[in-house]
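Take a look at the letters that make up each chain.
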Amino acid sequence: MFAARTNMTNRKARVDSLTKFEADYKEKYEEAKSHRVRVEVLQVELSQQLIGKDKDLAGKDVEIAELQHLLHEAQENLEAEKQKNDSLEIDLAAERVKAETEEEACKVSQAALNVAQDNYSEVQAIAEPLITDLGGFNIMVLYCKFYLECH
């Protein structure tokens, strides 16, 4: 009997131990289940955040592409303006040379005009007395013509 009682006490202790183990197991199982639900919720939230971030990144990619296109256009416009500016600078330099050449030509023309005026004055000074003398000669020539026509 004593052995049976010891056996029963041992079995009762074993049942209590197993019951406690089962309770601990159920508690840990429920805790793990709760963690699993939280992890699944977090996964859904993170997935939604990732989808949102992917959309944001896609939008940013589009914006970057547009900005790159605008930058490329601006660079092309800048290059065209630079070429236009260079062309205008070349034209301006040519106009300056032309103006300088025209100034030199004007100075040469003015000097030639001054020489011509001086020469004209000298010729006029020499020719006036001769023209005065020729006036009498012209009258004689007219008289001679008249005489020859009449005879």
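Up top you'll find the structure we're talking about.
Reading the values: rules and limits
Residues numbered from 1 in each chain as written. Predicted model: local features only at pLDDT ≥ 70, side-chain atom pairs only at ≥ 80, totals over all residues. Heavy atoms only, no water. Helix = DSSP H or I, 4+ residues; strand = E, 2+ residues; numbered from the N terminus. Buried < 20%, exposed > 50% of the residue type's maximum accessible area, 1.4 Å probe, protein only. Areas by Shrake-Rupley, 256 points an atom, 1.4 Å probe, with all protein chains shown as cover. Phe/Tyr/Trp six-rings, centres within 6.5 Å; stacked < 30°, edge-to-face > 60°.

Points about the overall build of the protein chain
Part 1 of the argument: Along its length, the protein chain carries 1 helix and 0 strands.
Part 2 of the argument: By residue count, 0% of the 151 residues in the protein chain fall in the buried class.
Part 3 of the argument: Here the protein chain displays about 14,300 Å² of accessible surface, and carbon together with sulfur accounts for 62% of that area.

A look at the packing of aromatic side chains
Part 1 of the argument: Tallying each qualifying case throughout the model produces 1 aromatic pair.
Part 2 of the argument: Seen in terms of ring centroids, tyrosine 25 and tyrosine 29 are 6.5 Å apart; in terms of plane orientation they differ by 20°. Their pairing is stacked. Of this pair, tyrosine 25 and tyrosine 29 are both found in helix H1 (residues 2-150), 4 residues apart, which corresponds to roughly one turn of the helix.
Part 3 of the argument: Look at tyrosine 25 and you get exposed, because its relative accessible area is 53%.

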